[in-house]
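# Results of the structural survey
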Amino acid sequence: MTEPFPKVTGVILKNNRKVRSLDWAVVRSWDNKELSLKVDAASLQPHSRADTELWLARQILDKQIVDMDGRRVVRVNDLQLSQVEGSTLVIGVDIGSRGLARRVGLEGLGRRVTAAIGLDWPQKLISWEAVDPVKTDVSSVKLRIAHTKLAKLHPADIADIVNELSPDDRSAVFAALDDEKAADTLEEIDEPQMQASILERLDVERASDILEAMAPDEVADLLADMPRERAQQLLQKMEEDEAGDVEELLAYREDTAGGLMTTEYVAVLHTLTAAEAIERLRELEPDAESVYYVYVTDEEEHLLGVLSLRDLIVAKPETKIRDFMIKNVISVRLDAGPREVAEVTSKYNLLAVPVVDEHNRIHGIVTVDDVMERVMPARAGGRRRRIF
Amino acid sequence: MLLAVVGPGIITGNVDNDATGITGYALAGSHFGYELLWLLVVTAICLVAIQSMVARMGTVTGKGLSDLIRERFGIAPTLWVMIFLFFANAATTVAEFAGVGGAAQLLFGDVARYAAIPLAAILVWFLVLRGSFRVVERILLLLTLVYLGYIVSAFLAHPKWGDVIHHTVVPTFHFTPSFILIFITIVGTTITPWMAFFQQSNVADKGLHPDDLKYERIDTIAGILMLNVVAFFIIVATGATIYAAHVTVDPSDPSAFSKIALALKPLAGQYAEQLFAIGLLNASLMAASVLPLSTTYAITEAFGLERGIDKSFREAPVFLTIYTAMIVIGAGIAMFPRAPLVLITNLPNIINGMLLPLLLPLLILLANDKRIMGRYANSPLFNVFSGAVMVFLTAVTLAFLASIFFPGLFAGR
């Protein structure tokens with residue numbers, strides 16, 4: 001299905017409880033009600049369905065699809081086929097009440113009624129270009145749908161869409177995303193329970209790959225909500241570095257700075273020059289989130305000072321960083337409560353605050369969005385309100 | 001703590017002890033003593049068949065029942081089921097608001113119902129849409145402990161336990177219109193289509209894994225047991241008091257509720273009416289807040305419309321319209337000064353009864369479909385079991401319909 005509009009290749013006929021798969025070439029004409037064939041029923045050309053072909057009645061009609069334009073999950077009420085240069089193409093799906101009425105033979109009546117009271121009854125069509133099928137045919141081998149269109153969306157949009165799907169369809173989406181995208185999407189899903197259930201339905205290898213691409217603090221939150229055994233299993237499969245970070249975070253109580261922090265931060269030795277520090281940053285390739293501040297430590301990770309990227313860049317390349325770093329760093333202790341962390345960040349207008357132990361050794365940073373998420377009562381439009 | 005482990009099955013079972021349920025069981029006990037106790041065993045078995053099937057489907061597919069019906073059977077059957085479901089549940093909602101009115105009448109006098117019904121409607125609407133439904137649900141669930149009153153009352157009334165046990169084990173049947181009517185009422189009020197939709201959505205929404213199936217089965221059976229134990233003791237308590245005292249309760253009599261309340265006299269003495277009213281009010285409110293919501297979910301899910309209690313009217317117009325309409329219709333009809341209460345409480349049973357034979361074959365087909373259920377499809381043994389249940393319930397429904405259209409049919413004997 002590389003073209004925007006897939007070609008209809010075959011038709012499945014059912015009569016006298018006999019099901020026959022026929023090549024579309026035998027179809028002479030078709031409309032809403034009838035399909036007439038060129039040859040007599042006895043000598044019909046069979047069509048063998050390839051695995052890559054969609055079975056429209058089974059996988060699209062009446063099923064849920066993702067509407068890529070509206071970025072939501074909708075149900076297909078009818079299909080729109082069209083004759084283009086000798087072949088029949090699926091050009092779109094109908095998701096509106098008209099499609100619904102048409103299927104039960106009430107479209108004509110409905111049109112007369114709406115016309116009589118002077119109302120317009122618009123079609124709600126979605127072009128096939130904007131359709132991403134959800135339904136997987138589980139009959140034989142688990143043929144997964146590629147979700148190529150869906151994968152192009154922003155992780156936050158994918159997360160909203162995934163929210164509306166059943167657990168199996170959810171993991172099918174995740175199976176189709178690459179590790180990086182899957183990790184970002186998983187982070188966007190606010191409900192730890194749902195995150196956990198998605199990972200549980202993926203195989204361990206794949207799940208741990210996704211976890212490695214996530215921020216360690218998110219991973220720790222997630223694993224804390226999983227059955228202990230399964231969490232252990234995932235940790236073991238993860239690379240040692242990442243797993244170590246996560247294990248450290250898991251040891252802290254959730255309602256402390258230690259539990260809120262991430263171990264992804266940038267620290268450089270105080271003995272470096274500005275040029276060497278910039279070189280070090282290049283090697284580390286830090287994520288956007290963690291490069292708000294560059295922390296300066298000694299060999300034992302004692303926190304000595306802090307720099308902004310700006311400070312580093314405007315300084316003369318050969319200057320030692322300990323000579324121009326800001327020495328009195330604002331920090332919080334590992335056992336500080338979320339409220340205290342929030343107060344500190346807002347008082348000093350920080351984007352992130354370093355977390356230290358009783359010996360002033362740095363263990364991680366708490367970013368402002370992580371702490372705000374904790375202290376603010378449920379963000380508007382964030383968490384889905386559950387009824388059951 | 002205890003409430004944390006309350007699962008979908010227990011919630012469903014308790015919501016089923018609604019206004020029609022309580023009055024149905026009480027009528028059975030006051031008219032026929034213990035003679036219908038055996039029927040509770042039968043309904044429990046039927047419920048186990050149906051509810052465990054939907055719980056399994058919800059767990060395995062993670063989808064609601066109307067979702068599966070639409071995807072498996074297409075548009076026409078879905079449309080029919082949804083039309084019936086809407087009317088059946090709207091009718092039941094009317095009965096729940098009538099229950100609110102009845103309870104208010106007992107507690108505060110005759111005029112109170114005209115204040116209580118609209119108040120309850122507004123309360124339900126707001127609490128569900130703008131408050132926390134979960135909290136409300138848990139509080140109402142806790143209040144169902146009022147039903148324990150029936151158990152105590154039944155013991156205090158010193159029933160002849162020999163008779164009680166005899167009638168639980170040995171079926172009795174009379175071919176008289178009144179017996180058949182109450183027989184059908186009990187089946188109709190206990191086994192309802194909305195329970196199937198409600199429990200499956202509830203299970204699906206919890207996102208259970210097929211590995212959790214054994215817990216879900218325990219939850220389902222626990223819910224059904226709680227439901228039927230309460231029903232059992234309502235019948236014993238009414239049988240030991242009202243029936244034993246030869247009081248006749250005419251359901252069309254406005255004072256019927258206060259007579260039914262006599263069953264709680266051994267426990268609550270002169271406050272029997274109040275205790276009964278609180279139980280009735282609670283049962284009615286709980287069902288009135290669950291039914292419209294679960295119906296609206298089922299319908300919007302089947303047609304793929306925007307849904308969710310946190311959506312605005314612009315985002316989910318159909319969802320909010322159907323939900324509001326059900327409450328307005330329910331409360332509105334129950335408000336009529338001379339509303340025919342007998343019809344109101346029986347109408348849901350008629351429509352539910354017609355929907356069941358339509359729904360059950362679909363349920364069984366779905367639960368057998370390997371493409372949907374994989375290795376969790378029905379076993380042959382379970383099919384024999386659920387098939388027998390289907391035949392029994394269809395027969396009861398046909399008998400019921402026959403008794404409506406040919407009123408003289410069972411009068412001959």
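Every value quoted in this text rests on a predicted model; they were computed, and no experiment measured them.

What follows is about the overall build of chain A. Each helix and strand counted, chain A has 16 helices and 16 strands in total. Whereas a compact globule of 388 residues would reach a radius of gyration of roughly 21 Å, chain A reaches 29 Å, over 25% beyond that. Oriented by its inertia axes, the alpha-carbon framework of chain A measures out at about 90 × 50 × 45 Å. Split into buried and exposed, the 388 residues of chain A put 29% on the buried side. In chain A, the proportion of contacts linking residues at least 24 apart, taken out of those at least 6 apart, comes to 62%.

Here the focus is the domain arrangement of chain A. All names here are of chain A. When cut into domains, chain A gives domain 1 (10-133), domain 2 (150-251) and domain 3 (266-375). Using only C-alpha atoms to locate each centre, domain 1 and domain 2 end up separated by 37 Å. Facing the 5 residues of domain 1 at the interface are 7 residues of domain 2. Residues that form the side of domain 1 that touches domain 2 fall into these classes: 2 nonpolar, no polar and 3 charged.

Now for the packing of helix 8 (residues 148-156) of chain B against helix 12 (residues 213-243) of chain B. A pair of packed helices is captured by two measures, namely the crossing angle of their axes and the spacing between those axes. Residues and elements named next belong to chain B. Contact geometry for helix 8 and helix 12: axes closest at 8 Å, N-to-C directions at 40 degrees. Comparing the axis directions of helix 8 and helix 12 gives the class oblique. Regarding helix 8 and helix 12, the two cross each other, and that crossing is left-handed. Facing helix 8, whose interface residues are Tyr 150, Ile 151, Ser 153 and Ala 154, helix 12 presents Val 230, Phe 233, Ile 234, Val 236, Ala 237 and Ala 240. Class assignment of the residues belonging to the contact of helix 8 with helix 12 gives a composition of 9 nonpolar, 1 polar and no charged.

Before going further, it helps to examine helix 5 (residues 167-176) of chain A. Residues and elements named next belong to chain A. Of all the 10 residues making up helix 5, 7 are buried; the element is thus mostly covered by neighbouring parts of the structure. Taken as a whole, helix 5 has its buried residues at Pro 167, Asp 169, Arg 170, Ser 171, Ala 172, Val 173 and Phe 174. Looking at the packing, one finds that the buried side of helix 5 touches helix 4 (155-163), helix 6 (179-188) and helix 7 (192-200).

Right, let's talk about unusual backbone geometry for a bit. At Glu301(A), a residue that is not glycine, the phi angle is positive and equals roughly 65 degrees. Locating Glu301(A) in the fold gives a position in the loop between strand 12 (293-297) and strand 13 (303-308). Its 17 C-beta neighbours within 10 Å are what place Glu301(A) among the partly exposed residues. With a phi close to 55 degrees, His246(B) is a non-glycine residue in the positive phi region. Relative to the assigned elements, His246(B) resides in the loop between helix 12 and helix 13 (256-260).

In this assembly, 23 residues from chain B lie in contact with 23 residues from chain A. Counting only elements with at least two residues in the side of chain B that touches chain A, the list comes to helix 4 (65-73), helix 5 (75-108) and helix 11 (193-206) of chain B. Here the side of chain B that touches chain A gets 4 residues from one element, more than from any other, and that element is helix 11 of chain B.

Residue and element names in this part refer to chain A. In terms of strand pairing, strand 1 (residues 10-15) meets strand 2 (residues 18-23) through 6 bridges, oriented antiparallel. In the strand pairing of strand 2, Val 11 is matched with Leu 22. Counting the residues between successive antiparallel strands, the hairpin from strand 1 to strand 2 contains 2 residues, one of them, Asn 16, with a positive phi of roughly 50 degrees.

What follows is about the environment of Ala215(A). All names here are of chain A. In this fold, Ala 215 is placed in the loop between helix 8 (204-212) and helix 9 (216-224). The exposure class assigned to Ala 215 is buried, which follows from the 22 C-beta atoms found within 10 Å. Between the alpha carbons of Ala 215 and Glu 264 there is a distance of 7.3 Å; along the sequence they are 49 residues apart. Ignoring any residue separated from it by four or fewer positions in sequence, one finds Ala 215 in contact with Glu 187, Thr 262 and Glu 264.

For the rest of this paragraph, the subject is the sheet that holds strand 12 of chain A. Two orientations exist for strands paired in a sheet by backbone hydrogen bonds: parallel and antiparallel. Residues and elements named next belong to chain A. One open sheet holds the 3 strands; their spatial order is 11-12-13, and the pairing between them is mixed. Since the sheet does not close on itself, it has two edges, and those belong to strand 11 (266-269) and strand 13, each with one partner. The sheet shows a mean angle of 35 degrees between the axes of neighbouring strands, direction not considered. In the sheet, strand 11 pairs with strand 12 via 4 bridges, with the strands oriented parallel. Of the residues in strand 12, the one forming a bridge with Val 266 is Val 294.

Ile50(B), Phe97(B), Val100(B), Ile234(B), Ile235(B) and Leu363(B) are the most contacted members of the largest nonpolar core, which totals 133 residues. Tallying contributions element by element places helix 15 (residues 272-302) of chain B first for this core, with 18 residues. Not counting residues within four places of it along the chain, the set of residues in contact with Ile50(B) comprises Ile191(B), Ala196(B), Leu363(B) and Val389(B). Core analysis: the next-biggest nonpolar cluster, separate from the first, contains 39 residues, Ile161(A), Val162(A), Ala207(A) and Ala231(A) among them.

All right, on to the sheet that holds strand 10 (residues 131-133) of chain A then. All names here are of chain A. Across the sheet, 3 strands lie side by side as 6-5-10; this open sheet has antiparallel pairing. Each edge of the open sheet carries a strand with a single partner, namely strand 6 (72-75) and strand 10. Averaged over all pairs of adjacent strands, the angle between their axes in this sheet comes to 40 degrees, without regard to strand direction. Of the pairings in the sheet, the one linking strand 5 (residues 64-67) to strand 6 comprises 4 bridges and is antiparallel in character. Bridging across to strand 6, Gln 64 finds its partner in Arg 75.

This paragraph deals with the packing of helix 5 of chain B against helix 16 (residues 317-335) of chain B. Residues and elements named next belong to chain B. In contact at an axis separation of 8 Å, helix 5 and helix 16 are set at 50 degrees when each is read in the N-to-C sense. Classified by the angle between their axes, helix 5 and helix 16 sit oblique to one another. Note on packing geometry: the crossing formed by helix 5 with helix 16 is right-handed. Residues Ala 90, Thr 93, Val 94, Glu 96, Phe 97, Ala 98 and Gly 101 of helix 5 lie in contact with helix 16, whose contacting residues are Met 326, Ile 329, Gly 330, Ala 331, Ile 333 and Ala 334. A class-by-class count of the residues in the contact of helix 5 with helix 16 yields 9 nonpolar, 3 polar and 1 charged.

Residues and elements named next belong to chain A. Mean pLDDT for chain A: 83, with 90% of residues reaching 70 or above. Within the model, the stretch residues 138-143 combines pLDDT values under 50 with 7 contacts to residues more than four positions away or in other chains. Per-residue pLDDT stays below 50 along residues 378-384; that stretch engages in 6 contacts with residues further than four places along the chain or on separate chains.

Procedures and definitions
Positions within a chain are numbered from 1, following the residues in the order the chain's sequence is written. A letter from A marks each chain and a number from 1 marks each ligand, given out in the order of writing. Local features are withheld for residues below a pLDDT of 70 in this predicted model, meaning they are given only at 70 or higher, and side-chain atom pairs are given and counted only at 80 or more; totals for whole chains, interfaces and linings count all residues. Secondary structure elements follow DSSP: runs of H or I no shorter than four residues count as helices, runs of E no shorter than two count as strands, and numbering proceeds from the N terminus. The globule rule used for comparison is 2.2 Å times the number of residues to the exponent 0.38, while the radius of gyration itself is calculated over C-alpha atoms. Labels follow a simple rule on C-beta atoms placed from the backbone: if 20 or more others lie within 10 Å of a residue's own, it is buried; if 12 or fewer, it is exposed; otherwise it is partly exposed. Here, residue contact means that the backbone-derived C-beta atoms of the two residues sit within 7 Å. A domain assignment, automatic or from a database, supplies the domain bounds used here. When residues are grouped by polarity, Ala, Val, Leu, Ile, Met, Phe, Trp, Tyr, Cys and Pro land in nonpolar, Asp, Glu, Lys and Arg in charged, and all others, Gly among them, in polar. Structural elements are reduced to axes, namely lines fitted to C-alpha atoms, with helices fitted over the stretch in contact, and the angle between N-to-C directions of any two is expressed from 0 to 180 degrees. For classification, angles of less than 35 degrees are called roughly parallel, those exceeding 145 degrees roughly antiparallel, those between 65 and 115 degrees roughly perpendicular, and all remaining angles oblique. For a crossing to be left-handed, the near helix must be turned anticlockwise from the far one by less than a right angle; the clockwise case is right-handed. Pairing between strands requires that DSSP locate at least two bridges from one strand to the other. By convention in this section, buried Ala, Val, Leu, Ile, Met, Phe, Trp, Tyr and Cys residues joined through C-beta atoms within 7 Å make up a nonpolar core. Per-residue confidence from the predictor is reported as pLDDT, a score between 0 and 100.

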